[in-house]
Amino acid sequence: SIQAGEAWHRVYRTTKAAIAAAAARDGSGRTWDALDKASVFAQSDAFMQRCSDLLDVCASVQQLASRNGEGEPAALPEFGAKGGAGEVASSLLVLRSSFEKQLASLRALPYDILDVKASGWHDDYNRFKAFVKDLEVMLQNVIKKAFESAATTSAAVELLEAFASLAKRDAIRRCVEKQLAAVFGAFTQEVTSVKKTFDRLKGAPPLLHRDHPRYAGGARWAKTLHARVSRQWSQVESTRAYLAWPREAEEASAKFLELDAVLDEYVRRMYTEWVMTIESGLSRLLDQNLMVRSATPLAGSGGTSRERYTFVETSFDVTLLRLFGETRYWSRLGFEIPYVATDITNHADSYRVMRENVSLLARGFNSILASLAPAERKLFGERLHALEKKVLPGLTKLTWAAKMRLQTDAYLKEARRVCTELERVVTSFHRAKRLVAKACRKMSDTRLVTLRKKPTYTQQSFVEEQNAHHERVRATFSSLHAEMRQLLAESYEVFRTDGEEVQREWRRHVREVDAAVEEALRQTIKRSLLELSRAISGDKKTEVQPLFQLAATLQQSKVEFVPAINGDGGLSATVNAVCRDAISTTSAVPRLADALLEGVEELASGESSFFTLLSNEQEVLKTLVQVMGGMRDIQPRLQTYLGTWDRHKHIWDVDKDAFMRRYAKANRALTAYETDITRYKELQYEIQAEEGVTAIGFIRVDASPLKQALVAHCHTWQIKFTQLLNANAANELGSLAEHMASVTATFAQRPASLDQLAEHINLHASESATLASNEERFEPLETQYRLLDKFEVQVKEAELERLAGLRVEWESYKTTLSEASARLQRVKADFKEELVTALADFNDRVAEARAAFLAEGPFSARKAA
């Protein structure tokens, strides 16, 4: 459409020019000036501008949201694995997402974008264009940031290739080309840096490896510098395929070519200098012994000449070694080896093998000497002498010359065999020595006293656990001693047939082992006792925790600890016995000097056993005294704790029965009973609230038995008081009931005589007079039983039933008294009537008796006869 519009403009201009030419020829003066070009092409020019705007939109899509052939978003190029590659891709995706949102709003316009009459396009397109410009600025910032994180030329070239494929708009392309110029600048700086490094170090080139020879090593160093810049140049040069080179490229190329020529010339100069150093007659350097004595002194020899043995060294000429190295590396660099060096260097491999074999022999010989201490060299004296004789030809007769090759090979084979065999024996000896030292460390690390943190020990559990642990320790010591004895016996088999000097050194070695065992046992005794001492007394770093548990009890009216601290069966004696039993576990380890020479009395050491020696040693005894001092120091604190219970001494120290007898005789008021019972109940609660477990240093005091005993005493006091109160109440209740029953029973019988009648009358009068006072006894009695119920005293059921019926019985009793009064009145009347009748009858009998007596009495002698 744009091309068609431009074609119309060309036709218009051509036609206008033709008309003007024709008018000039015929003089008519006709022109198209009367036609307004703007009005003629207004619509077409507007449409062309609209198409140009849309092309700009399409270019923006290609730059910021390109699509593949299937209409899907095109994949982003790879930005490498380092230098923030993920951040670059993420930033590009964010830009794409923002652009697609803006593009979607452009697609959603409510008019036809090809309609030139739609005036809203100008505002919408200007907003879109401004947004795209902002995105371009952001994209340029992303590109700059990506190149800032590119640490190497390779990374920068990868970014150039990636962004070059994305650069569609001129601004972005210019940004990428600017970064290309920066890459060429960085490469130029790199070439300059390499050139400065080369100029500074070319006089004494650094070797890339310690085995590199001087001249070939310098050449390899120069080759490395060349490879460094060549690799970068090849990477930078590849950008020519997709980017136009800036003027900085010419400078970089010139610098690189200059450095390339300098390095190549340096390599050739190093080769020439090496060739000039090669001398003729190199074979004479092979006429020297295979090994020489070393000036390095043996460990422990002090550098004196009295040392019998010395280290040996390979004596291959250093000049030949340098020659072999130069020829090997110059061959790898592709240079020709001079003929004068070819004759000997052709056999370099065979000399290398021989040199390695001699080195193996020297290292093996030196390794044996270095591994042996001065005393051990005396122990292995006969075997070292035999090895010295085998090695001696290489120090005095045999050379590197080819004519002695067969003798040298046989010598090396035999000497290495003897050396390897002795090295195996020495290694076995040292292995046994390490295992013996390991067994000593195990002895030293074995604890003779085992202490657990929780729970605390009772006296019996402590003794039982320590006894079991001591048995395990004895078994461990016996096992370790048997192991050491076996190891020493196996090691001795090597020296069994050696001379007296070796035997003397062996016995000295065994005594050293015994000394190590003694020290190990000493250390484990001290550590074990110190650990127990820290558990008892603590130190600056260790806070004392309860270790033993004692029970505070009441025995024979005295507060004491069970077990006691002192005494034969006390805790102190137990700890002392455990410590001595712990020391006695060392008796399971006899001296190795005596165990290995069992049956050979004349060679026995004659020294005391470890147990006898260590059990009487001052340091051990001092540590034991420290342990017992901690046991002694805790006693005042324990006594102070026992004294805190003396405030309750009146609970158990008073004779309860005697006190209750005095209490009963005192006839105390009911309130006194209540006060005393309440006081002992409160004391019971107070004792129960006392701390049951108290930590005093390393002692955990369990007061539960004492509290139980005191609570039992308080309970006994309460029982004593309640029993007395119950007895008094029962007696009072029984007295009232029996009195009413007795009176009721008396009044239930009719008087049989006047005396009985008089008794009944007197009894009735008495009961009537005391009726009110007897009734007043009911309230105190009931109060006593209420108090018994308050203190939860179990009263007999019969008593409670009698108490419940007491008021009813009393009412019945009062009725009985009332009825007895009337009944006694009737009995009195009856007795009066009977008395009158009896008196009349008596009078009649008296009159009759008188009359008879008067009639028949002996009033005369005749009547009397």
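Let me begin by describing the structure that accompanies this report. (Residues numbered from 1 in each chain as written. Predicted model: local features only at pLDDT ≥ 70, side-chain atom pairs only at ≥ 80, totals over all residues. Heavy atoms only, no water.)

This part takes up the overall build of the chain. Each helix and strand in the chain was counted, giving 32 helices and six strands. Going through the 865 residues of the chain one by one, you find that 38% of them count as buried. By element, 52% of the accessible surface of the chain is carried by carbon and sulfur atoms, the whole surface being about 49000 Å². (Helix = DSSP H or I, 4+ residues; strand = E, 2+ residues; numbered from the N terminus. Buried < 20%, exposed > 50% of the residue type's maximum accessible area, 1.4 Å probe, protein only. Areas by Shrake-Rupley, 256 points an atom, 1.4 Å probe, with all protein chains shown as cover.)

Applying the stated criterion to the full structure yields one cavity of 30 Å³ or more. Roughly 40 Å³ of internal volume is contained in the largest cavity. If you trace the largest cavity, you find it lined by F747, Q749, R750, P751, H760, A820, R823, L824 and V827. Considering each element in turn, the lining of the largest cavity owes the most residues, four residues, to helix α31 (residues 806-856). Residues that form the lining of the largest cavity fall into these classes: five nonpolar, two polar and two charged. (1 Å grid on protein atoms, 1.4 Å probe; cavity = no way out; pocket = protein on both sides within 12 Å on 5 of 7 lines; lining within 4 Å. Points joined across faces, edges and corners; volume = space filled by probe spheres on them. Nonpolar A, V, L, I, M, F, W, Y, C, P; charged D, E, K, R; others polar.)

What follows is about the sheet that holds strand β6 (residues 699-702). If you walk across this open sheet you meet the four strands as β4-β3-β6-β5, and the pairing is mixed. Whereas interior strands pair on both sides, the edge strands pair on one side only; in this sheet they are β4 (558-562) and β5 (693-696). Averaged over all pairs of adjacent strands, the angle between their axes in this sheet comes to 30 degrees, without regard to strand direction. Sheet analysis places β5 next to β6, joined by four bridges and oriented antiparallel. Paired with V693 across the two strands is D702, which belongs to β6. (Pairing = 2+ DSSP bridges. Axes fitted to C-alpha atoms, helices over the stretch in contact; angles between N-to-C directions.)

This brings us to the nonpolar core. Nonpolar side chains in soluble globular proteins tend to end up buried together. Judged by nonpolar contacts, the single largest core of 142 residues is most densely connected at M291, F380, V517 and V575. Once you skip the residues sitting within four places of it in the chain, V517 turns out to touch C440, M443, M484, V589, L592 and F610. Of all hydrophobic cores here, the second largest spans 36 residues; its members include A156, W221, Y271 and A341. (Core = buried A, V, L, I, M, F, W, Y, C linked by side-chain atoms within 4.5 Å. Contact = heavy atoms within 4.5 Å.)

Attention now moves to the pattern of salt bridges. Scanning all chains against the criterion turns up 26 salt bridges. Put simply, E414 and K390 hold a salt bridge, and the shortest N to O gap is 3.5 Å. Separated by 24 residues along the polypeptide, E414 in helix α15 (residues 405-445) and K390 in helix α13 (residues 381-391) bring together distant segments of the chain. Overall, E414 belongs to the partly exposed group, its relative accessible area being 28%. Exposure remark for K390: the relative accessible area of 34% places this residue in the partly exposed category. Here D841 ties to R845 by a salt bridge, and the two come within 2.0 Å at their closest N and O atoms. Placement of the pair is D841 and R845 together in helix α31, with a separation of four residues, close to one helical turn. Given a relative accessible area of 38%, D841 falls into the partly exposed group. One connected set of salt bridges, linked through shared partners, spans E518, E519, R522, R591 and E617. (Salt bridge = Lys/Arg side-chain N within 4 Å of Asp/Glu carboxyl O.)

It is at 12 Å that the axes of helix α11 (residues 348-371) and α13 come closest, and there the two elements cross at 160 degrees. Accordingly, the angle class assigned to the pair α11 and α13 is roughly antiparallel. Here α11 and α13 pass one another in a crossing that is left-handed. When α11 is examined against α13, the residues L361, F365, I368 and L369 are found in contact with a partner set consisting of L384, L387, E388 and V391. (Parallel < 35°, antiparallel > 145°, perpendicular 65-115°, else oblique. Left-handed = near helix turned anticlockwise from the far one by under 90°.)

Bridging between strand β3 (residues 548-555) and β6 involves four bridges; their strand directions are parallel. Bridging from a neighbouring strand, F548 pairs with I699 of β6.

For the rest of this paragraph, the subject is a nonpolar patch on the surface. Judged by side-chain polarity, L839, F842 and V846 come together as a nonpolar surface patch covering roughly 270 Å² of accessible area. Among the secondary structure elements, F842 is positioned in helix α31. Residue F842 is classed as partly exposed on the basis of its relative accessible area of 43%. (Patch = residues over 30% accessible without salt bridge, like charges linked within 9 Å, V, L, I, M, F, W, Y side chains within 5 Å.)

This next bit is on the packing of aromatic side chains. Scanning all chains against the criterion turns up 17 aromatic pairs. For the ring pair Y457 and F462, a centre distance of 5.2 Å and an interplane angle of 75 degrees mean the geometry is edge-to-face. For Y457, a relative accessible area of 0% puts it in the buried group. Cluster of aromatic residues (ring-pair linked, three or more members): F380, F429, Y492, F495 and W506. (Phe/Tyr/Trp six-rings, centres within 6.5 Å; stacked < 30°, edge-to-face > 60°.)

What follows deals with the side chain of E518. In this fold, E518 is placed in helix α17 (residues 500-537). At 3.5 Å, the side chain of E518 forms a polar contact with the side chain of R591. Apart from the residues within four sequence positions on either side, E518 is in contact with R591, F610, L613 and L614. (Polar contact = N/O pair within 3.5 Å; in protein donor to acceptor, adjacent residues only side chain to side chain.)

Quick look at unusual backbone geometry now. Excluding glycine, a negative phi dihedral is what most residues carry, and trans is how most peptide bonds are arranged. The step from V562 to P563 runs through a cis peptide bond, and the omega angle for that step is 0 degrees. In this fold, P563 is placed in the loop between β4 and α18 (571-584).

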